[in-house]
Amino acid sequence: MVANSQIFKYLSLFAILIVLVFGAFFSGYLFRHMTEFTDNPKIHEITRFINDNFSKLKNTAVGNDNFFKENFRDYGTQLYSTFFPISMTALQLPERGRPGRGGGLTSVGDQVLLLTHDGQIYMAHSRDGFRLSGIEPPINNFREYKAAFKTPAYENFNPDFDTFRYNDILFLSFGGRDKLAASFTKWRPDEECFVNAVSVADVSDLGPDPNEWVLGANDWETLFEASPCIVLDERHTGLGYNHGGRITFDGHANLYLTNGDFGRNLPKNGSAEAGSPVTSMAQDPSTEYGKVIRIDLASGSGTIVSRGHRNPQGIAIDDLDRLWVVEHGMNGGDELNLIRMGNNYGWPLETYGTQYSGFPFPGTKEVGAHSEFVRPELAWLPSIAPGGLTVVRGFHELWDGDLLIGTLRSRKLVRVRIRDGRVVFTEDVDVGLRIRYVLQHDTGEIVLWTDDENKLIFLSPSYAAVGEGYVIAEAYLSNEMQLDSGLKGRVAASLGACMECHSLDAGNNVNAPSLAGIYGAPIGKSSFAGYSDAMRDASGTWTRELLLAYLEDPDSVVSGTAMPNPNLADPAVRTALVDLLAGISSKN
């Protein structure tokens, strides 16, 4: 028996040794060869989906019919910034004509014009509703592009038609005429290749009311097409990603276009090691991809302003005539860049991010560093996936002049304050939806176009006063609670400690659940995103007895809660706090 156990012991040790040796070999192989695999755009899309949804999916139980109700929250009608609440009204648009994401917004007087990824154009009059316009988009030859994959040359490809899209729309006045400009991907059937294109249409003679405009697809004229025309390849499932395609007007004679590299960054000689040579459109001065392009509105000629960009998205010109661009990195390395003529921003030779696998990008000279090329003004690790950019004007005096970024992955707005040539601070405002586009509307409202729920959202400063909940609580404590002055002081101090995390404004669940309506509310069911699993899974409502017990020992009520013990040893203070919460709940 002993001999057998000894043999088993040695066999087990030998098996472990084999696994370790194989693991070390396989890890080295993976490091050398995984780059080519993880640079496949399909893998990128799958990785993004997993990253965006894993935290939700891990809470899913088989047969849990309430999963979507519990994990996809209703964010209500109000958002919260540091200085003031923001009123939010959403217009629900019809389902997309075909799968995909993209599109853009522009202001036409008090109307918002929305161009969807598949070419539908809607008019929205502020918060009052929307209608499908009489405007057709410029021809992009999508049908011919789709048909090409039925031919022998491309029948073995696995195309992703969702990425073939319209990217932006812009209303502008130039040369005494009103015009619409549209940016989109265009297929050239005769050459079997594609380009990023900008077309314009004169709308001056269509009347003063854009709701009555009628514009055909052939009424658009091609202004600019990027060079060269990119041929299809199986590696990029046809088109590829990283379009860019956003446009802005300088108010004089030029459009500026963000032109992505469509993922065309290939290691030379098949090498996938960091530091190996890379064939890069973004670095090649003979191509217009991976660049910011200035387009002359009179001639249509394009000039490369800057290079070294991967997927530049939002673009805006501020009140000092500075040109700003936000762009996607890969796994980290999203950037805010101040664009200047002749600058090289480094992609793919320098980036603060990595591949989606975590391995360095081929060709990078120094991992996680910007030492040779122009550094971004701001970078994000991990990625936020910036989808849109605007300059705030006429929204609120505390925001005006700042940059505002809409994000896809982190589902929030990011406000950026620039002073004296540097980033002073950023502020996050949680929205809870993938924000594809952000527009400073001519009416002063900020308008968002979202990916995942097909919503057009109008934002304006709320009439609710900042700290209104605290004023209500202070007045209730001072005037309606019959307590001696010493106890009132201790209750006020304890309430102040609570407000280090919790707001007393109704619905403000950004940093922690609001205390304004906590009395009698369902446990763990507000829109607060940071609940512990224990609190999220709890049932029942916050009764007087439960609140008293929770203030004494949170873990005794919800085992595993993230709430630290508030150390309220005085039962009179706990009782008065619960009385206060009950009182202000009736006033909100």
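Definitions and cut-offs
Residues numbered from 1 in each chain as written. Predicted model: local features only at pLDDT ≥ 70, side-chain atom pairs only at ≥ 80, totals over all residues. Heavy atoms only, no water. Phe/Tyr/Trp six-rings, centres within 6.5 Å; stacked < 30°, edge-to-face > 60°. Buried < 20%, exposed > 50% of the residue type's maximum accessible area, 1.4 Å probe, protein only. Lys NZ or Arg CZ within 6 Å of the ring centre and 35° of its normal. Pairing = 2+ DSSP bridges. Helix = DSSP H or I, 4+ residues; strand = E, 2+ residues; numbered from the N terminus. Axes fitted to C-alpha atoms, helices over the stretch in contact; angles between N-to-C directions. Core = buried A, V, L, I, M, F, W, Y, C linked by side-chain atoms within 4.5 Å. Contact = heavy atoms within 4.5 Å. 1 Å grid on protein atoms, 1.4 Å probe; cavity = no way out; pocket = protein on both sides within 12 Å on 5 of 7 lines; lining within 4 Å. Points joined across faces, edges and corners; volume = space filled by probe spheres on them. Nonpolar A, V, L, I, M, F, W, Y, C, P; charged D, E, K, R; others polar. Salt bridge = Lys/Arg side-chain N within 4 Å of Asp/Glu carboxyl O. Polar contact = N/O pair within 3.5 Å; in protein donor to acceptor, adjacent residues only side chain to side chain. Disulfide = S-S within 2.5 Å. Expected span 1.5 Å × (residues − 1). pLDDT = per-residue confidence, 0-100.

*Asks:* Mind showing me how you'd approach the packing of aromatic side chains here?
*Replies:* Inspection of the entire model under this criterion finds 21 aromatic pairs. Geometrically, the ring pair formed by tyrosine 145 and phenylalanine 149 is edge-to-face, given 5.1 Å between the ring centres and 85 degrees between the ring planes. Neither tyrosine 145 nor phenylalanine 149 differs from the other in exposure class; each is buried. Between phenylalanine 149 and tyrosine 154, the aromatic rings sit 6.0 Å apart at their centres with planes inclined by 55 degrees, giving tilted as the arrangement. Accessibility assignment for this pair places phenylalanine 149 and tyrosine 154 in one class, buried. Through pairs of rings, three or more aromatic residues link up here, namely Phe142, Tyr145, Phe149, Tyr154, Phe157, Phe161, Phe164 and Trp187. A cation over a ring is seen here: arginine 98 above phenylalanine 142, with NZ or CZ 4.0 Å from the ring centre. The ring of phenylalanine 161 carries lysine 146 above its face, with NZ or CZ at 5.5 Å from the centroid.

*Asks:* Looking at this structure, how should I read the sheet that holds strand β23 (residues 378-380)?
*Replies:* Strand pairing in a sheet takes place through backbone hydrogen bonds and is either antiparallel or parallel in direction. Read from one edge of the open sheet, four strands run β20-β21-β22-β23, paired in antiparallel fashion. With one partner strand each, in any of the chains shown, β20 (311-317) and β23 form the two edges of the open sheet. Mean inter-strand twist for the sheet, computed between neighbouring axes without regard to direction, equals 20 degrees. Pairing of β20 with strand β21 (residues 323-328) involves five bridges; the strand directions are antiparallel. By the bridge assignment for β21, isoleucine 315 is matched with valine 325.

*Asks:* I keep staring at the nonpolar core and nothing clicks. Help me out?
*Replies:* Generally speaking, soluble globular proteins have nonpolar side chains that are buried together. Judged by nonpolar contacts, the single largest core of 51 residues is most densely connected at Ile135 and Leu255. Considering every element that reaches this core, the biggest residue donor is strand β10 (residues 193-202), with seven residues. With residues up to four places along the chain from it excluded, the contact list for isoleucine 135 reads Leu113, Ile121, Met123, Leu180, Trp213, Leu215 and Trp220. By size, the runner-up hydrophobic cluster in this structure holds 28 residues, among which are Phe528, Met535, Leu547 and Leu551.

*Asks:* Honestly, empty space enclosed by the protein in this entry has me stumped. Any pointers?
*Replies:* Tallied over the entire structure, the rule returns four cavities of 30 Å³ or more. A volume near 80 Å³ is recorded for the largest cavity. Lining of the largest cavity is provided by 14 residues; of these, Arg96, Thr116, His117, Trp449 and Asn454 occupy positions nearest its centre. Of the residues in the lining of the largest cavity, the class split is four nonpolar, five polar and five charged. Together, Gly308, Arg310, Glu327, His328, Gly329, Gly333, Glu335, Tyr345, Trp347, Glu350 and Thr351 line the second largest cavity. Classifying every residue of the lining of the second largest cavity gives two nonpolar, five polar and four charged.

*Asks:* What exactly am I supposed to notice about the pattern of salt bridges here?
*Replies:* Should the charged atoms of two oppositely charged side chains come close, the side chains can pair. Counted under the stated rule, the structure contains 20 salt bridges. Here arginine 188 and glutamate 225 are joined by a salt bridge, their closest N and O atoms 2.4 Å apart. One end of the pair, arginine 188, is in strand β9 (residues 177-188); the other, glutamate 225, is in strand β12 (residues 221-225), with 37 residues separating them in the sequence. As a salt-bridge pair, aspartate 318 and arginine 322 come within 2.7 Å of each other at their nearest N and O atoms. One salt-bridge network, in which partners are shared between bridges, spans Asp402, Arg415, Arg417, Arg419 and Glu427.

*Asks:* I'm lost on the pairing of strand β28 (residues 435-440) in this one. Help?
*Replies:* For a regular strand, the rule is simple: side chains alternate between the two faces of the sheet. When you tally the buried positions in β28, you get six out of six residues, the bulk of the element. One ladder, built from five bridges, connects β28 with strand β29 (residues 446-450); its direction is antiparallel. By the bridge assignment, leucine 439 is partnered in β29 with valine 447. Connecting β28 to the antiparallel partner β29 that follows it, the hairpin turn spans five residues, and glycine 444 within it adopts a positive phi of roughly 100 degrees.

*Asks:* Could you clarify how one ought to interpret the environment of aspartate 400 in this entry?
*Replies:* Considering the arrangement of structural elements, one finds aspartate 400 in the loop between β24 (386-391) and β25 (403-407). As a C-alpha pair, aspartate 400 and arginine 417 span 17 residues in sequence and 9.7 Å in three-dimensional space. Once residues lying within four places of it in the same chain are set aside, the contact partners of aspartate 400 are Val392, Arg393, Gly394 and Phe395. Polar side-chain contacts of aspartate 400 include one of 3.0 Å to the backbone nitrogen of phenylalanine 395.

*Asks:* What exactly am I supposed to notice about the state of the cysteines here?
*Replies:* What we call a disulfide is simply a covalent bond connecting the sulfur atoms of a pair of cysteines. Counted under the stated rule, the structure contains one disulfide. For the unlinked cysteine cysteine 498, the closest cysteine sulfur is that of cysteine 501, found at 8.9 Å. Here cysteine 498 falls in the partly exposed class, since its relative accessible area comes to 22%.

*Asks:* What exactly am I supposed to notice about helix α10 (residues 571-585) here?
*Replies:* Note: α-helices contain 3.6 residues per turn, so residues at a spacing of three or four share the same orientation. Compared with the 21 Å implied by 1.5 Å per residue over 15 residues, the 21 Å span of α10 between its first and last C-alpha is a close match. When α10 is considered as a whole, its buried residues turn out to be Val573, Arg574, Ala576, Leu577, Val578, Leu580, Leu581, Gly583, Ile584 and Ser585. Contacts made by the buried residues of α10 are with α5 (468-479), α6 (485-498) and α8 (544-552). At the N-terminal end of α10, a side-chain oxygen is found 2.9 Å from the backbone nitrogen of alanine 572, two or three residues along, and the residue is aspartate 570.

*Asks:* Would you take a moment to explain the sheet that holds strand β5 (residues 121-125) for this structure?
*Replies:* Taken together, four strands build an open sheet; the order of strands is β3-β4-β5-β6 and the sheet is antiparallel. Bordering the open sheet on either side are β3 (104-108) and β6 (130-132), each of which pairs with just one other strand. Neighbour-to-neighbour, the strand axes of the sheet open up by a mean angle of 25 degrees, direction not taken into account.

*Asks:* What should I look at first to understand the confidence of the model for the chain in this one?
*Replies:* It should be kept in mind that the predicted coordinates are not to be read in detail where pLDDT is low. The predicted model of the chain averages 84 in pLDDT, with 83% of residues at 70 or higher. This stretch, residues 1-9, has a pLDDT under 50; its non-local contacts, to residues over four places away or in other chains, come to zero contacts. Throughout residues 19-75 the model reports pLDDT below 50, and contacts reaching past four residues in sequence, or to other chains, amount to 66 contacts.

*Asks:* How should unusual backbone geometry be read in this particular structure?
*Replies:* Note on backbone geometry: most residues besides glycine have negative phi, and most peptide bonds are trans. With an omega dihedral of 0 degrees, the bond running from serine 227 to proline 228 counts as a cis peptide bond. Note that proline 228 resides in the loop between β12 and β13 (230-231). Put simply, leucine 381 and proline 382 share a cis peptide bond, and its omega is 0 degrees. The topology assignment puts proline 382 in the loop between β23 and β24. Notably, glutamate 192 is not glycine yet its phi reads approximately 50 degrees, a positive angle. Among the secondary structure elements, glutamate 192 is positioned in the loop between β9 and β10. With relative accessibility at 33%, the residue glutamate 192 sits in the partly exposed group. Its identity is not glycine, yet asparagine 454 carries a phi of approximately 55 degrees, on the positive side.

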